[in-house]
Structure formats: structure tokens, C-alpha cells
Amino acid sequence: MTDDTRICLGAIAGAFGVQGEVRLKSFTATPEDIAAYGPLESEDGTRRFEITLSGQSAKGGLIARLSGVTTKEQADALRGVRLYTDRDRLPALPDEEYYHADLIGLEVYDTGGALLGRVKTVLNHGAGDILELQGQGLTSTVLLPFTRQAVPTVDLAAGRIIADPPDGLF
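Let us look at the structure shown here. (Residues numbered from 1 in each chain as written. Predicted model: local features only at pLDDT ≥ 70, side-chain atom pairs only at ≥ 80, totals over all residues. Heavy atoms only, no water.)

Attention now goes to unusual backbone geometry. Despite not being glycine, E96 has its phi angle at roughly 65 degrees, a positive value. Positionally, E96 belongs in the loop between β7 (82-86) and α2 (100-103). (Helix = DSSP H or I, 4+ residues; strand = E, 2+ residues; numbered from the N terminus.)

Here is the structure:
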């Protein structure tokens, strides 16, 4: 989702209407904040967009106008484009809060030191964050609740997470 200098803040889900507006998925804590970061870039850095929210929302996202996009065809062509900003434009977080991008790729160990896997992605379906783990010996990914009880330690400097998973998860 990111490299060391850029963070993905959203993605274009497709056109909305016939006048160039788009449905926008926001990955910010408060979805409407995506427009406050100034111009956002495509993943390859070749396109920059100023975002103006319409004040409406649609299933799965916000309705927005992007600079330079004036037709439904242009909006349709942007479906799936992920929008990035420079990492240094993000606010500092309080203790024990993390950007999802910082968690992805971290190794996860149990409290006894055994490697459980690596964070593939961070999911949130409304009830809290869930770490999706993948690793050797796992036949499929494992979903670990990202709670203080199940994940007592996140050590970004060491690049690891210590987990105390619920019984039967692994």
C-alpha cells in the first residue's frame, strides 16, 4: 500500500453520474479528511488531483470532483486508481495508535517467541481493526483481532508484533 515516503489515502471506485464526479473510497480515520491533504497523486506519480467533496455520499464512499476530470468517461478510466500523499504531510499519532501502512509487513510472534506470520493487510469492517496474517505453515491467512488483549506489543523500531492470539486461532 505504501513505500517509505508515501501513504495511500484512498482509491477511486468509479464514476458517479455523467458530469465527471467519482465515487471515492477514503482510508482516512474521518473519511471526509481525504480532501484536506491537498493534491493527491496516483501511485505512479504521473497524475495529481485536487479533491472537492460534493457533500453527498454513495454506497461505499464519498462523491467527489477531481481536478481535470470533467466527463463520465474520464472518471470511468480512473476506476481503481489509488491516491497517495507524502508521509510527512500526515499528522503525528498519539502513543499506541498506528498507521496501517506501518503495520503491513511486520513479523508477528507469539508470547513465547514463535513466529506466527507476517501482516499482509489491516482490515476494518466497522467493529475494529483486524490484522490479516500470512506465513509458512498457514494453509490460509489468519485474522487476528487488533486489540490490546490479542496484540499486547507493537514494536515498530524492531519491526515486530507480539501477539497473544485467542485459543484455537492458530
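So, about the nonpolar core. For soluble globular proteins, the rule of thumb is that nonpolar side chains tend to be buried together. Core analysis: the largest hydrophobic core is formed by 20 residues, its most contacted members being I51 and L66. Among the secondary structure elements, those contributing two or more residues to this core are β1 (6-16), β2 (21-26) and β6 (61-66). In terms of residue count, the dominant contributor to this core is β1 (4 residues). Setting aside its immediate chain neighbours within four residues, I51 contacts L24, I34, A35, L40, A64, R65, L66 and L83. Grouped together as the second largest cluster of nonpolar side chains are 14 residues, V122, A150, V154 and I161 included. (Core = buried A, V, L, I, M, F, W, Y, C linked by side-chain atoms within 4.5 Å. Buried < 20%, exposed > 50% of the residue type's maximum accessible area, 1.4 Å probe, protein only. Contact = heavy atoms within 4.5 Å.)

Residues V142 and L144 line the buried face of strand β11 (residues 142-145), whereas the alternating positions L143 and P145 sit on a face that is not buried. The pairing of strand β10 (residues 129-134) with β11 spans 4 bridges and is antiparallel. Of the residues in β11, the one forming a bridge with E132 is L143. (Pairing = 2+ DSSP bridges.)

Purely spatial values, then, with no claim about function.
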